[in-house]
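# Report on the structure
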Amino acid sequence: MAHAPAPVLTIDGPSGSGKGTISRLVAEKLGWRMLDSGALYRAVGYAAGAEGIDLSDEGAVTRCAQHVKIRFQASPDGGETHVLVNGHDATDELRTETAGAAASAIAVIPAVRQALVDLQLAFRKAPGLVADGRDMGTVIFPDAAFKVFLTASAGERAKRRYKQLKDKGLSVTLVGLQREIEARDARDASRPVAPLKPAEGAVVIDTTGMPIEVVVAKVFAVVRP
Ligand SMILES: Nc1ncnc2c1ncn2[C@@H]1O[C@H](COP(=O)(O)OP(=O)(O)OP(=O)(O)O)[C@@H](O)[C@H]1O
Ligand SMILES: Nc1ccn([C@H]2C[C@H](O)[C@@H](COP(=O)(O)O)O2)c(=O)n1
């Protein structure tokens, strides 16, 4: 007898809306796996840069996406998941705004997106999957039973990112971060293929001024009302 596919909760939204944070906490509560699809695009951008590829060279970036080896490694102490790119632990490099901008730039290339599809689908396993990204509910898991779109004002998202990066000891400015976030959102939302937008039927949650635990409760309630 054929098994029903594992249930999926998709969480899409712009940069800094809290997708990663909320996905991790909700996945823990549900006991489900998690897919950070942005890390895949960041890994491709990073690998291409490391190979000296010009990010506007669509053919070369696509070949890189088709061959790059990306591995997620859970931390033994339950901390941050590490991302290995072609065997190199690139976790820290991938979290930078530069890596985010590179990911956004190569993510407009349809063949790059295609190269990452099977990798993402393979994360769908019992007992369930929480998938975070830009096109989880619209393109990768259109049949997901549960769909959420997280958002927040650009000002609030810039403040969150500023605090996050300052806590890591990085030198950033609030104005610069807000400019970068707005530029990335504009590119992600305006590309012709798999643009950032709420999936049909997604529960849209504006998290501006909303504490993390309240967002977690709202998203959890989408799956377990
Ligand atoms: N509701 C919230 N209130 C305050 N801070 C939040 C909230 N949600 C997330 N944060 C903080 O904002 C920062 C960015 O969150 P997170 O990385 O989860 O966003 P994201 O949408 O996954 O971003 P990206 O798409 O760029 O990876 C983190 O430091 C996180 O702790
Ligand atoms: N499903 C996805 C996930 C990510 N991207 C692109 C666009 C983002 O700006 C960039 C980095 O993502 P983040 O790690 O900030 O979530 O990667 C995409 O096109 N589709």
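Residues numbered from 1 in each chain as written. Chains lettered and ligands numbered in written order. Predicted model: local features only at pLDDT ≥ 70, side-chain atom pairs only at ≥ 80, totals over all residues. Heavy atoms only, no water.

The name given to the chain in an unreviewed UniProt entry is Cytidylate kinase, with Luteibacter pinisoli as the source organism. According to the UniProt record, the Sequence similarities (unreviewed entry) comment for the chain reads "Belongs to the cytidylate kinase family. Type 1 subfamily." Quoted verbatim from the Subcellular location (unreviewed entry) field of UniProt, the annotation for the chain is "Cytoplasm". (UniProt positions renumbered as here; feature names shortened; annotations may be inferred.)

## Points about the pattern of salt bridges
Inspection of the entire model under this criterion finds 9 salt bridges. Between Arg 160 and Glu 156 there is a salt bridge; the shortest N-O distance is 2.9 Å. Linking Arg 160 with Glu 156, this pair stays in helix α9 (residues 154-167), spanning 4 residues, or about one helical turn. Arg 160 gets classed as partly exposed once you look at its relative accessible area, which sits at 26%. Owing to a relative accessible area of 22%, Glu 156 belongs among the partly exposed residues under this scheme. Two residues, Arg 157 and Asp 185, come together in a salt bridge whose shortest N-O distance is 2.8 Å. Within this pair, whereas Arg 157 is found in helix α9, its partner Asp 185 is found in helix α10 (residues 174-190), the two being separated by 28 residues in sequence. Neither Arg 157 nor Asp 185 differs from the other in exposure class; each is buried. (Salt bridge = Lys/Arg side-chain N within 4 Å of Asp/Glu carboxyl O. Helix = DSSP H or I, 4+ residues; strand = E, 2+ residues; numbered from the N terminus. Buried < 20%, exposed > 50% of the residue type's maximum accessible area, 1.4 Å probe, protein only.)

## Things to note about α9
Helix length check: α9 (14 residues) gives 20 Å between terminal C-alpha atoms against 20 Å at 1.5 Å per residue, within 8%. All of the buried residues in α9 are Ala 154, Arg 157, Ala 158, Arg 161 and Leu 165. Summarising the axial view, the buried residues of α9 lie within an arc of 100°, below the 170-degree limit, and thus occupy one face. Across from the buried face of α9, at angles greater than 90 degrees, the exposed residues are Lys 159, Lys 163 and Asp 167. Those residues of α9 that are buried lie in contact with α5 (97-106) and α10. Among the residues trailing α9, Gly 169 stands out with phi positive, at a value near 85°. (Expected span 1.5 Å × (residues − 1). Arc of directions from axis to C-beta. Contact = heavy atoms within 4.5 Å.)

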